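Chains, contacts and geometry: an overview
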Amino acid sequence: SFQVPSGGRYTLHASSSSWICAPLSFELNYSNQDKDITMEAHHGITWSGRVMDEDRQGIAGAVILGLTSQNTYDTGVRTDVTGGFQLRLLASDFNAAYGVMALERGFAPATAMFEKSVQDELEIVMQRGWTVQGKVPAANDGAPLAGAKLSWHNASVDRAMQEELREKYRTATTDDEGRFT
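Residues numbered from 1 in each chain as written. Predicted model: local features only at pLDDT ≥ 70, side-chain atom pairs only at ≥ 80, totals over all residues. Heavy atoms only, no water.

**Quick word on the overall build of the protein chain**
The cut-off we apply is this: Secondary structure is summarised from DSSP: a helix means a run of H or I of at least four residues, a strand means a run of E of at least two, and numbering begins at the N terminus for each. Under the scheme applied here, a residue whose accessible area is under 20% of the maximum for its type counts as buried, over 50% as exposed, and between as partly exposed, the area being computed with a 1.4 Å probe on protein chains only. Only heavy atoms matter for contacts: two residues are in contact if any of them lie within 4.5 Å across the pair. Residue burial considers only the protein chains on display, and all accessible areas are found by Shrake-Rupley using a 1.4 Å probe.
From N to C terminus, the protein chain includes 1 helix and 14 strands. Per-residue burial over the protein chain gives 31% buried out of 181 residues. Within the protein chain, contacts between residues separated by at least 24 positions form 53% of all contacts whose residues are at least 6 apart in sequence. For the protein chain, the accessible surface area stands at approximately 11,600 Å², while carbon and sulfur atoms represent 47% of it.

Right under this line is the structure:
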């Protein structure tokens, strides 16, 4: 068992060296504070790959999401110092489309789509992203607002994925002069 800090919507992930469970979402609130959960384990399929920039240099620390026609998996997988990763997805989840998405600050999200039978190492090349910068002044006197939290989303990305990833990967905080990058 484990404890969560507060009520809200949670997603539970479980896997082992050869098994994986579909992500299970649940809600905890004041009338439902304890949850007894059963997750079914299935054989997983493992892919390995490498995330690189345009110069084919590995990108360390990129977040790897598994994509299927039915689910988006926030797997908790990050690339190693060479940009390498291993990702396991449900074998039973593969019907039509499967892929891997890489996310890292300073780069545009990149996706590699592939066949279930692919055994080659996946290569994902990330392009440098655009920079948005500016400042947040107080409306009444124009004084810089330090510590303001900003978040952004891409309207062309699935709304469920936006909500799941916003706090983790798409936020900024203003500095002492009210500036952000």
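Let us keep going from here.
**Topic: the pattern of salt bridges**
Basically, it comes down to this: Put simply, a salt bridge is a Lys or Arg side-chain nitrogen that is within 4 Å of an Asp or Glu carboxyl oxygen.
Summed over all chains, the structure comprises 2 salt bridges. Asp53 is the partner of Arg128 in a salt bridge, and the nearest nitrogen-oxygen pair spans 3.8 Å. Of this pair, Arg128 sits in the loop between β10 (122–125) and β11 (134–135) while Asp53 sits in the loop between β4 (41–52) and β5 (63–68), and the two are 75 residues apart along the sequence. For Glu123, the salt bridge goes to Arg56, with nearest N and O atoms at 2.8 Å. One end of the pair, Glu123, is in strand β10; the other, Arg56, is in the loop between β4 and β5, and 67 residues separate them in sequence. Since its relative accessible area comes to 47%, Glu123 is described here as partly exposed.

**A few points about unusual backbone geometry**
Trans peptide bonds make up the majority, and among non-glycine residues the majority have a negative phi. Backbone geometry at Arg56 places phi at a positive 65°, although glycine is not the residue there. Under the relative-accessibility criterion, Arg56 is labelled partly exposed at 43%.

**Here we look at the environment of Val51**
The topology assignment puts Val51 in strand β4. Along the sequence, Val51 and Thr79 sit 28 residues apart, while their C-alpha atoms lie 7.3 Å from each other.

**As for the pairing of β10**
Every regular strand shows the same layout, with side chains that alternate between the two sheet faces. To keep it simple, the criterion reads: In this description, strands pair whenever DSSP reports at least two bridges between them.
A one-sided burial pattern is seen for β10, the buried positions being Leu122 and Ile124 and the unburied ones Glu123 and Val125. Summarising the sheet, β4 and β10 pair through 4 bridges and their orientation is parallel. The residue bridging Arg50 from the neighbouring strand is Glu123, located in β10.

**Some words on the pairing of strand β9 (residues 110–113)**
By the alternation rule, side chains of β9 split into Ala110 and Ala112, which are all buried, and Thr111 and Met113, of which none is buried. Taken together, the 4 bridges between strand β8 (residues 98–103) and β9 define a ladder with antiparallel strand orientation. Looking across to β9, one finds that Ala102 is bridged to Ala110. Taking the residues between adjacent antiparallel strands as the criterion, β8 and β9 are bridged by 6 residues, where Gly106 takes a positive phi near 90°.

**Here we look at the nonpolar core**
Spelled out, the test is: We define the nonpolar core as a collection of buried residues of types Ala, Val, Leu, Ile, Met, Phe, Trp, Tyr and Cys that are connected through side-chain atoms lying within 4.5 Å of one another.
Ranked by internal contacts, the top residues of the largest apolar core, which has 20 residues, are Val51, Ile64, Phe85, Leu87, Val100, Ile124 and Met126. Those residues in contact with Val51, other than ones at most four positions away along the chain, are Gln57, Gly58, Ile59, Ala62, Ile64, Thr79, Gly83, Phe85, Ala102, Ile124 and Met126. Val63, Leu65, Leu67 and Met101 belong to the second largest nonpolar core, which has 5 residues in total.

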